[in-house]
There are 2 protein chains.
Amino acid sequence: MSLRNALLAMLTSQPMTGYDVYKNFQTSVGYVWHAPDSQIYPELRRMEQDGLIRGETVPWGKRGTKKRYSITEAGVESFQAWLNAPPEYQRERDPVRLRAAYLEWAKPDASAEFFRAHTAYHAGRIEDWEEMIAALRDQSNPTLAKRIEGKSAEEARRITAYKVFAYEGMIARARAEIAWAEKGLELVEELERRV
Amino acid sequence: MSLRNALLAMLTSQPMTGYDVYKNFQTSVGYVWHAPDSQIYPELRRMEQDGLIRGETVPWGKRGTKKRYSITEAGVESFQAWLNAPPEYQRERDPVRLRAAYLEWAKPDASAEFFRAHTAYHAGRIEDWEEMIAALRDQSNPTLAKRIEGKSAEEARRITAYKVFAYEGMIARARAEIAWAEKGLELVEELERRV
DNA sequence: CCCAACATGTAAGGGGTTACATGATTTT
DNA sequence: AAAATCATGTAACCCCTTACATGTTGGG
């Protein structure tokens, strides 16, 4: 049900078309919850049926139309209910650790490459999130700008702080991954040393 | 395809029935890759069809039979191919960070409780993994014992080291989560303070 | 003899991926 | 006039969850 809540989260900022949601996903929520368009459009329709959002058909150019969705009161309640409920955790399913546990079967070079790739991957993600944090801090992120429009400075600070904090969590996790991968590289070098 | 590789990993230790695999999952690989029996039995059948494992029907008591699976050469190759290939990363999908990013919509008490639950959850997992590491180190883990049977001390050390290292990675991640959740609690207290 | 453990399934449904598909509008 | 962007889908497939279902064996 997190997709649904990610969509509700987007729509608490402002009314949007499915396409807007899809685009905005890539530059905001998408950094914590990815969704492809093939998932977004059908889900929005289901959410409308369930009364969480309301769609209005608005003209687009001369002949075209598009559907703009707004969150309903029921939608806000549902979103808040999710936020207020105790968190649920999925069973562990960690392909990286699964691999690491059986590296005695891998080629030494592949093991080393695996840890290097792991570091590179997470370093890349950290860059993305740091950019995101910068854009939140200076309010150049359009979704956030819309969100805090007309709010008090105090409110704006509070709203921004949680988003920044979420990305800081991603970064902290990524740093832990990199530290682990670096130790992994040392371990491979120690264990697979050809004498 | 990680389920398949988790099953292959189990079967590199020794031949097993589906039930053995299921049981062992809970005390070894299951800590990094969970799978229910309803997934294991059908997957083993598919793997046999694909020639990765071979099943032999063995008697069980007076009338019963059971099927014991052994990994084939093709199975070992497939497992190693997976280990030697560059890692693939899934798109981000992080319900915890998604929630954290929108805590301005939650009740302050629920936000605090959320971070406390997060800490408690990960503290519990750390305990499990630490027990697991202890069992690996003193070789009281039966799957590992079987795995290193007849191997040189050097080989045994290498095999054990990777498994310990994998669990250390889980623990490192969990510690990062706890540190983050503790900061989250402070943030909630700061932002939601009633004056 | 009963119960725990051993043994093995089916079936419906949810969520996600990948690929395929189409058309209108705005920008260059 | 072409290209990029806006707009919205469908369909097959894979993986996983949850619930239901059944029978055997070994130990107390």
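The rules behind these values
- Position numbers for residues start from 1 in each chain and track the written sequence from start to end.
- Following the order in which they are written, the chains are lettered starting with A and the ligands numbered starting with 1.
- Totals for whole chains, interfaces and linings use all residues, but because this is a predicted model, local features are given only for residues with pLDDT of at least 70 and pairs of side-chain atoms are given and counted only at 80 or more.
- As a rule here, side-chain values cover all heavy atoms of the structure and leave hydrogens and water aside.
- UniProt positions are given in the numbering used here, feature names are shortened, and annotations may be inferred rather than shown by experiment.
- Numbered from the N terminus, helices here are DSSP runs of H or I no shorter than four residues, and strands are runs of E no shorter than two.
- A pair of strands is considered paired only if DSSP assigns at least 2 bridges between the two.
- The contact criterion used throughout is that any non-hydrogen atoms of two residues lie within 4.5 Å.
- Inter-axis angles, ranging from 0 to 180 degrees, are taken between N-to-C directions of lines fitted to C-alpha atoms, where helices are fitted over the stretch in contact.
- Put simply, a residue is near a molecule or strand once any heavy atom of it comes within 4 Å of that molecule or strand.
- Polar contacts, as used here, are pairs of N or O atoms within 3.5 Å; protein pairs need one atom able to donate a hydrogen and one able to accept it. Residues neighboring in sequence count only if both atoms are side-chain atoms.
- As used here, buried area is the combined drop in accessible area, with a 1.4 Å probe, of two parts when they are placed together.
- For this document, the term salt bridge refers to a Lys or Arg side-chain nitrogen within 4 Å of an Asp or Glu carboxyl oxygen.
- To estimate how far a helix should extend, the number of its residues minus one is multiplied by 1.5 Å.
- We call Asp, Glu, Lys and Arg charged. Ala, Val, Leu, Ile, Met, Phe, Trp, Tyr, Cys and Pro are nonpolar, and the rest, Gly among them, are polar.
- Residues enter a nonpolar core if they are buried and are Ala, Val, Leu, Ile, Met, Phe, Trp, Tyr or Cys, with the set joined through side-chain atoms within 4.5 Å.
- Burial classes: relative accessible area under 20% of the type maximum marks a residue as buried, over 50% as exposed, and values in between as partly exposed (1.4 Å probe, protein chains only).
- For this overlay, a least-squares fit was computed on C-alpha atoms, restricted to residues scoring pLDDT of at least 70 in both copies.
- Marked domain ranges trace back to an automatic or database domain assignment.

### A few points about the UniProt feature "domain: Transcription regulator PadR N-terminal" (unreviewed entry) in chain A
Summarizing the sequence annotation, UniProt attributes the feature "domain: Transcription regulator PadR N-terminal" (unreviewed entry) to residues 7–80 of chain A in the numbering used throughout. Summarising residues 7–80 of chain A: 49% helix, 24% strand, and an end-to-end C-alpha distance of 13 Å.

### Considering the sheet that holds strand β3 (residues 64–71) of chain A
Residue and element names in this part refer to chain A. A sheet is described by the order of its strands in space; here three strands give the open sequence β1-β3-β2, paired in antiparallel fashion. Both edges of this open sheet fall to β1 (16–17) and β2 (53–60), since each of them pairs with a single strand only. In terms of strand pairing, β2 meets β3 through eight bridges, oriented antiparallel. Counterpart to Trp60 in the pairing with β3 is Gly64. Against the sheet, helix α3 (residues 37–49) contacts β2 and β3, and its axis sits at roughly 120 degrees relative to β2.

### Quick word on the protein's contact with DNA strand C
Residues in contact with DNA strand C amount to 23 residues; listed here are only the nearest, A:Ser38, A:Gln39, A:Arg63, A:Gly64 and B:Lys66. Within 4 Å of the protein, the contacting atoms of DNA strand C are 73% sugar and phosphate, with bases supplying the remainder. In this structure, A:Gly64 approaches DNA strand C through a main-chain N or O atom, which is 2.6 Å from a phosphate oxygen. Residue assignment for the surface near DNA strand C shows that the elements contributing at least two residues are α3 of chain A together with α2 (18–27), α3 (37–49) and β3 (64–71) of chain B.

### Let's talk about the interface of chain A and chain B
The interface is formed by 73 residues belonging to chain A together with 72 residues belonging to chain B. Counting each side, the surface lost to burial between chain A and chain B is near 7,000 Å², with a carbon and sulfur contribution of 64%. Where chain A touches chain B, the interface holds 14 salt bridges. A salt bridge links B:Arg173 to A:Glu177, with the shortest nitrogen-to-oxygen separation between them at 3.5 Å. On the surface where chain A and chain B come into contact, there are 39 residue pairs in polar contact (both at pLDDT 80 or more). The set of elements that each furnish at least two residues to the side of chain A that touches chain B consists of α1 (2–11), α4 (73–84), α5 (95–100), α6 (108–137) and α8 (153–191) of chain A. In terms of residue count, the dominant contributor to the side of chain A that touches chain B is α8(A) (22 residues).

### Brief notes about α6(A)
When the terminal C-alpha atoms of α6(A) are compared, their 44 Å separation across 30 residues agrees well with the 44 Å that a helix rising 1.5 Å per residue should span. Following α6(A) by one or two positions, A:Gln139 has its phi on the positive side, about 60 degrees.

### Considering the protein's contact with DNA strand D
The environment of DNA strand D is made up of 23 residues, and the closest members are A:Lys66, B:Met1, B:Gln39, B:Arg63 and B:Gly64. Backbone atoms, meaning sugar and phosphate, form 74% of the atoms of DNA strand D found within 4 Å of the protein. Note that a phosphate oxygen of DNA strand D is positioned 2.3 Å from one of the side-chain N or O atoms of B:Gln39. Of all the secondary-structure elements, those providing two or more residues to the surface near DNA strand D are α2 (18–27), α3 and β3 of chain A together with α3 of chain B. With four residues, α3(A) is the single largest residue contributor to the surface near DNA strand D. Taken together, the residues of the surface near DNA strand D break down into eight nonpolar, seven polar and eight charged.

### Considerations on the nonpolar core
Counting residues in hydrophobic clusters, the biggest one holds 60 residues, and the most contacted among them are A:Phe115 and B:Phe25. Ranked by residue count, the leading element in this core is helix α8 (residues 153–191) of chain B, at 12 residues. Every residue in contact with B:Phe25, bar those within four places of it in the chain, is listed here: B:Ala6, B:Leu7, B:Met10, B:Gly30, B:Tyr31, B:Trp33, B:His34, B:Ala35 and B:Ile40. Listed in part, the 59 residues of the second largest apolar core include A:Phe25, A:Trp33, A:Ile148 and B:Leu103.

### A word on the relation of the copies chain A and chain B
Superposing chain A onto chain B requires a rotation of 180 degrees together with a translation of 0.0 Å along the rotation axis, leaving an RMSD of 0.1 Å. Here the copies are linked by what is in effect a two-fold axis. Of the residues that chain A buries at the interface, 99% are likewise interface residues in chain B, meaning the two copies contact each other through the same surface.

### A few points about the sheet that holds strand β1 (residues 16–17) of chain B
All names here are of chain B. The three strands lie next to each other as β1-β3-β2, forming an open sheet whose pairing is antiparallel. The open sheet has two edge strands, β1 and β2 (53–60), and neither has a second partner. Relative to β3, β1 is paired through two bridges, and the arrangement is antiparallel. Across the sheet, Thr17 pairs through a bridge with Arg68, a residue of β3.

### Regarding the domain arrangement of chain A
Residues and elements named next belong to chain A. Its domain assignment divides chain A into domain 1 (2–84) and domain 2 (95–191). Summing both partners gives a buried area of about 870 Å² for domain 1 against domain 2, and 53% of it is carried by carbon and sulfur. The tally of links from domain 1 across to domain 2 stands at zero salt bridges. Counting across the interface, domain 1 meets domain 2 through six residue pairs in polar contact (both at pLDDT 80 or more). Taken together, the residues that form the side of domain 1 that touches domain 2 break down as five nonpolar, six polar and no charged.

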